[in-house]
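Letter by letter, the chains look like this.
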Amino acid sequence: MHNNLKKLQEEREAMLPPELEDRVSSHLGTMAYFGNLIELFVPNALQVVVRMVGGEDLPCLRRSKRRETPNIDWRTPPPSEGPIFNPSGA
Amino acid sequence: MLSDDGLARDATQDIFIKVLLNLGKFTEQSSFSTWVYSITYNFCIDIIRKKKKNILIFSEDVGKFNASVEVEIPDSVILEMETQRLDKVMELMPPGDKAILNMKYIDELQIKEIAAVLNKTESAIKMQIMRAKAKAQSIYEEKYGTEPIGK
């Protein structure tokens, strides 16, 4: 069966200027570029201003607390549970 | 759907911004395209309602089509209509009917997807499609008399 509704749509689309799609995608590209720039630099720039006026770190830029390193004495060997490897055979 | 080039361009821009601003509300209950479709449809219907306050969105509002709902109307009523006449007929269709026919026959959405877009049940959508076809047929007959629909 023919689909003249689709044919009509295709005819309308063919009437659109061919550069329209390129124009839209270039606009999108520019917007995405500026979006990325803003996302990258605006929080850091704000952070600088906040620090200059004596404020605290912005919550979005606050680094997650690193795990505290356990206090290990590297000179004493760990308690072994299995057989001890002794290459000299002593 | 809006039948106005300038209005459609403005709507596209507004819908694009609306989608971006509401991305966080997308819950993945439907596919992304269905979600965007739904925003677009509702936005366009709002514009149409603002433009013409008493406009009929669907032909179900017209009493005479309720009686003819029982009759199954073949797809060829729409799909095999001569393109220029089809264009005229579509211009005269209520916006909701036009949208539902576009979803079904141009974008080839499934009944389930159309139901998700319009927030209606699948059986309601089937009924709506049938009514839209009946409306198209009646507009054709009003305009071109009993001339055969195909070429």
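See the structure above.
Note that the structure is a prediction, hence the values are computed from the model and not measured.

S.K.: Pulling in residues and values, what's your account of the interface of chain A and chain B?
M.R.: Listed as interface residues are 13 residues of chain A and, on the opposing side, 16 residues of chain B. Here chain A meets chain B over a buried area of about 1300 Å², counting both sides, of which 65% is carbon and sulfur. Considering only the side of chain A, the residues that lose the most area to chain B are M1, N4 and L5 of chain A, jointly responsible for 44% of the buried surface there. Our count for the contact surface shared by chain A and chain B stands at 2 salt bridges. One salt bridge connects R12 of chain A with D87 of chain B, and the closest N-O pair in it is separated by 2.4 Å. Our count for the contact surface shared by chain A and chain B stands at 5 residue pairs in polar contact (both at pLDDT 80 or more). Counting residues per element, the ones that place at least two in the side of chain A that touches chain B are helix 1 (4–15) and helix 2 (20–52) of chain A.

S.K.: Explain helix 1 (residues 5–21) of chain B residue by residue, including any values.
M.R.: All names here are of chain B. Taking 1.5 Å per residue, 17 residues should reach 24 Å; helix 1 reaches 24 Å between its end C-alpha atoms and fits that length. Inspection of helix 1 places A11, I15 and V19 among the buried residues, and these make up the whole buried set. Along the axis of helix 1, the buried residues cluster in a sector spanning 70°; they form a single face. Counted as exposed and oriented over 90 degrees from the buried face of helix 1: R9, Q13 and L21. The inward-facing, buried residues of helix 1 contact helix 2 (32–51). The N-capping residue of helix 1, defined by a side-chain oxygen 3.0 Å from the backbone nitrogen of G6, is D4.

S.K.: Would you mind going over the packing of helix 1 of chain A against helix 6 (residues 95–106) of chain B in detail, with residue names and values included?
M.R.: For the pair helix 1 of chain A and helix 6 of chain B, the least separation of the axes is 9 Å and the interaxial angle reads 95°. By the angle class used here, helix 1 of chain A and helix 6 of chain B are roughly perpendicular. Contacts from L5, K6 and Q9 of chain A in helix 1 of chain A reach L101, Y105 and I106 of chain B in helix 6 of chain B. Residue classes in the contact of helix 1 of chain A with helix 6 of chain B are distributed as 4 nonpolar, 1 polar and 1 charged.

S.K.: Now, about the packing of aromatic side chains: what can you tell me, with residues and values included?
M.R.: All names here are of chain B. Taken as a whole and judged by the stated rule, the model has 5 aromatic pairs over all chains. Between F32 and W35 the ring centres are 5.7 Å apart and the planes differ by 40°, which places this aromatic pair in the tilted class. You can see F32 and its partner W35 sitting in helix 2, 3 residues apart, about one turn around the helix. F32 sits in the partly exposed class, given a relative accessible area of 39%. Between the aromatic rings of Y140 and Y144, the centroid separation amounts to 5.1 Å while the plane-to-plane angle is 45°, which identifies the pairing as tilted. You can see Y140 and its partner Y144 sitting in helix 8 (residues 122–144), 4 residues apart, about one turn around the helix. Members of the aromatic cluster, joined through ring pairs, are F26, F32 and W35. In this structure, R85 is placed above the aromatic ring of Y144, and the distance from its NZ or CZ to the ring centre is 4.4 Å.

Reading the values: the criteria
Residues numbered from 1 in each chain as written. Chains lettered and ligands numbered in written order. Predicted model: local features only at pLDDT ≥ 70, side-chain atom pairs only at ≥ 80, totals over all residues. Heavy atoms only, no water. Contact = heavy atoms within 4.5 Å. Buried area = accessible area lost by both parts, 1.4 Å probe. Salt bridge = Lys/Arg side-chain N within 4 Å of Asp/Glu carboxyl O. Polar contact = N/O pair within 3.5 Å; in protein donor to acceptor, adjacent residues only side chain to side chain. Helix = DSSP H or I, 4+ residues; strand = E, 2+ residues; numbered from the N terminus. Expected span 1.5 Å × (residues − 1). Buried < 20%, exposed > 50% of the residue type's maximum accessible area, 1.4 Å probe, protein only. Arc of directions from axis to C-beta. Axes fitted to C-alpha atoms, helices over the stretch in contact; angles between N-to-C directions. Parallel < 35°, antiparallel > 145°, perpendicular 65-115°, else oblique. Nonpolar A, V, L, I, M, F, W, Y, C, P; charged D, E, K, R; others polar. Phe/Tyr/Trp six-rings, centres within 6.5 Å; stacked < 30°, edge-to-face > 60°. Lys NZ or Arg CZ within 6 Å of the ring centre and 35° of its normal.

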